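# Summary of structural features
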Amino acid sequence: MAGCTLWGVTASPYLLKMQALLDGAGVDWQRWPEQASRPQALRTALRLRRAQRERAVRRYPAMDPALDEYPAVPYYTFDGTTFYYDSTGLALHLDAEGRGDHPGPVPGDPALAFICHLIDEAFDEFGLYMVHHQRWVTSATTTRMGQRTAREFAPLLPPGLGPLLARRLYRRQARRCPYLFSVAPDGFDCGMPAARTPPARPGFPPTHTLLEEAWRDYVAAVESLLADQPYLLGQRFTLADASAYGQLAMNLVDGITARNLRRDAPRTHAWLCAIAAGEHAGARGESQCSPALRPLLDVIGATFMPLMAQNSAAWEAAVAAGETMFNEAAFDAGRALYDGALRGHPFRAVAKTFQVAVWRELRGRWAALPAAGRRQLVDLGLPATDLLE
Ligand SMILES: N[C@@H](CCC(=O)N[C@@H](CS)C(=O)NCC(=O)O)C(=O)O
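Residues numbered from 1 in each chain as written. Predicted model: local features only at pLDDT ≥ 70, side-chain atom pairs only at ≥ 80, totals over all residues. Heavy atoms only, no water.

This part takes up the environment of Leu 307. Turning to its location among the elements, Leu 307 is positioned in helix H12 (residues 304-320). Here Leu 307 falls in the buried class, since its relative accessible area comes to 1%. Measuring from C-alpha to C-alpha, the distance between Leu 307 and Pro 178 comes to 15 Å, with 129 residues separating the pair along the chain. Once you skip the residues sitting within four places of it in the chain, Leu 307 turns out to touch Phe 126, Tyr 129, Phe 181, Tyr 338, Leu 342 and Phe 347. (Helix = DSSP H or I, 4+ residues; strand = E, 2+ residues; numbered from the N terminus. Buried < 20%, exposed > 50% of the residue type's maximum accessible area, 1.4 Å probe, protein only. Contact = heavy atoms within 4.5 Å.)

Structure representation (structure tokens):
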């Protein structure tokens, strides 16, 4: 079976998710540029750049050109010419094309498949905010992400430029914290120089407590679930595990957060390390919606789901008011901003089109679920279903 070439860096939770999906499917992979020769890395970087310019990069099964945007990383290709992006897209790609010789990453049962996609998107969209905050705020003094990423880009860099890239990455990512929902209180000090200190922003309520409480609750929910079963949805590895792994494992290299994980959630820490080592490949067995899922569904229903609903409402209102700029460009320009609240914590954020697409897709899956499946999930304790209607 043809292998897969991933384009990205281990600093990205979505790349970690892609690696785990490929291991789970038994598909060989390489991570470029780090594992490529200089000519291979330069040629692929040029090809990818051209494909982006020509809007020829694909998303499986389809891209929504109005709402979706190309990321910086990761990308994947099976033939070195056709490039794809999106980690959930890779899961569906593997599933549909029966690549690999293991059962697909999405359970067949419709109600289970819905929960699988809900957990996947919750970690993709809200998980990112929590782990980015853990890296750049909680682990600001111990993360080595800059040097690590510069090392992984080395095949593309002129000799000696690594340290400069590392320095720029630290500053860039700290500066981007408010766009990724992590807003510091005024006068915040993380023990680092100002250029590496995640900023406050006038008019934006601080969100550090919100994100730290949520991270603690997500981790505790996973820890209790893994006491009952080897994976989030039962006996075998699914897309839900790949997504939770991608986000939570991102912090395994960040020092303070990794230590906190090992201390407060030893089972989860060991689970993440086992998936990183590919031990989930070939895991067989049934998937099921266990009552032990309840704490995880509760925190998803109090964070991810209401955030997606508020983001979609803000986007619709902005479009109705003639706004055309969204996502990071709008955030930097102070446009398409909205006020909301999660778990009693106020926040200010920018309307994100790609999250409108995520929420629209999830609501579509809920609407397509047979009534018996919805009832089963409501009986299981799935919260906030009114937001899905
Ligand atoms: N939906 C994409 C998300 C990819 C993504 O957001 N990647 C981040 C890096 S981890 C990115 O490109 N952020 C924009 C940037 O850093 O400029 C996936 O699942 O693969």
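Now, onward.
The biggest cluster of nonpolar side chains holds 103 residues, and the ones touching the most others in it are Phe 126, Tyr 218, Leu 296 and Phe 304. No other element matches the 15 residues that helix H4 (residues 110-138) contributes to this core. Those residues in contact with Leu 296 that lie beyond four places of it in its chain are Ile 119, Phe 123, Tyr 218, Ala 221, Val 222 and Leu 225. Grouped together as the second largest cluster of nonpolar side chains are 11 residues, Ala 36, Leu 48, Val 57 and Tyr 85 included. (Core = buried A, V, L, I, M, F, W, Y, C linked by side-chain atoms within 4.5 Å.)

On to the domain arrangement of the chain. What the domain assignment lists for the chain is domain 1 (4-97), domain 2 (146-204) and domain 3 (302-388). Distance between the C-alpha centres of domain 1 and domain 3: 26 Å. Every contact between the two is made by 5 residues of domain 1 and, on the other side, 8 residues of domain 3. Among the residues of domain 1 in contact with domain 3, Arg 59, Leu 67 and Glu 69 are the three that bury the most area, contributing 79% of the side total. Linking domain 1 with domain 3 are 1 salt bridge, by the criterion used here. Residue Glu 361 pairs with Arg 59 through a salt bridge whose shortest N-O separation is 3.8 Å. At the boundary of domain 1 and domain 3, one finds 3 residue pairs in polar contact (both at pLDDT 80 or more). When the residues that make up the side of domain 1 that touches domain 3 are grouped by side-chain class, the tally is 1 nonpolar, no polar and 4 charged. (Domains from an automatic or database assignment. Buried area = accessible area lost by both parts, 1.4 Å probe. Salt bridge = Lys/Arg side-chain N within 4 Å of Asp/Glu carboxyl O. Polar contact = N/O pair within 3.5 Å; in protein donor to acceptor, adjacent residues only side chain to side chain. Nonpolar A, V, L, I, M, F, W, Y, C, P; charged D, E, K, R; others polar.)

Disulfides are covalent bonds that connect the sulfur atoms of two cysteines. Enumeration over the complete set of coordinates arrives at 0 disulfides. Cys 177 takes part in no disulfide bond, and the closest cysteine sulfur, belonging to Cys 190, lies 9.1 Å away. (Disulfide = S-S within 2.5 Å.)

With that settled, the discussion passes to the pairing of strand E2 (residues 29-32). Summarising the sheet, strand E1 (residues 4-7) and E2 pair through 4 bridges and their orientation is parallel. Its bridge partner lying in E2, Thr 5 is registered against Gln 30. Handedness of the crossover is the feature at issue here: the chain leaves E1, passes through helix H1 (residues 13-25), returns alongside E2, and the resulting connection is right-handed. (Pairing = 2+ DSSP bridges. Right-handed = clockwise from strand over helix to strand, strands pointing away.)

Scanning the entire structure with this criterion turns up 16 aromatic pairs. Ring centres of Phe 126 and Tyr 218 lie 6.0 Å apart, and the angle between their planes is 25°; on these two criteria the pair is classed as stacked. Pair noted here: Phe 126 is in helix H4 and Tyr 218 is in helix H7 (residues 208-225), with a separation of 92 residues, a long-range link. You'll find Phe 126 and Tyr 218 in the same group, each marked buried. Between Phe 204 and Phe 331, the ring centres sit 5.7 Å apart and the planes meet at 80°, which makes this aromatic pair edge-to-face. Within this pair, whereas Phe 204 is found in the loop between helix H6 (162-175) and H7, its partner Phe 331 is found in helix H13 (residues 327-333), the two being separated by 127 residues in sequence. Judged on exposure class, the residue Phe 204 and its partner Phe 331 are both buried. In textbook terms, an aromatic cluster arises when at least three aromatic residues are bridged by ring pairs, as seen for Phe 123, Phe 126, Tyr 129, Phe 181, Tyr 218, Tyr 338 and Phe 347. A cation over a ring is seen here: Arg 55 above Tyr 70, with NZ or CZ 4.3 Å from the ring centre. (Phe/Tyr/Trp six-rings, centres within 6.5 Å; stacked < 30°, edge-to-face > 60°. Lys NZ or Arg CZ within 6 Å of the ring centre and 35° of its normal.)

Here we come to the sheet that holds E1. Working definition: the strands of a sheet are paired by backbone hydrogen bonds and lie parallel or antiparallel to each other. What the 5 strands build is an open sheet, ordered E2-E1-E4-E5-E3; its pairing is mixed. At either end of the open sheet lies a strand with only one pairing partner, and these are E2 and strand E3 (58-59).

Turning our attention to the layout of surface pockets. Approximately 190 Å³ is the volume attributed to the second largest pocket. Taken together, Gln 134, Thr 138, Glu 212, Trp 215, Arg 216, Val 219, Ala 220, Asn 260, Arg 263, Asp 264 and Ala 265 make up the lining of the second largest pocket. Of all elements in the fold, only H4, H7 and helix H9 (256-264) reach the threshold of two or more residues within the lining of the second largest pocket. Of the residues forming the lining of the second largest pocket, the biggest block, 5 residues, is contributed by H7. Here the lining of the second largest pocket is composed, by residue class, of 4 nonpolar, 3 polar and 4 charged. (1 Å grid on protein atoms, 1.4 Å probe; cavity = no way out; pocket = protein on both sides within 12 Å on 5 of 7 lines; lining within 4 Å. Points joined across faces, edges and corners; volume = space filled by probe spheres on them.)

The final tally for this structure, using the stated rule, is 17 salt bridges. Ionic pairing is found between Arg 263 and Asp 264, a salt bridge with its closest N-O pair at 2.6 Å. Since its relative accessible area comes to 58%, Arg 263 is described here as exposed. The partly exposed category is assigned to Asp 264, whose relative accessible area is 46%.

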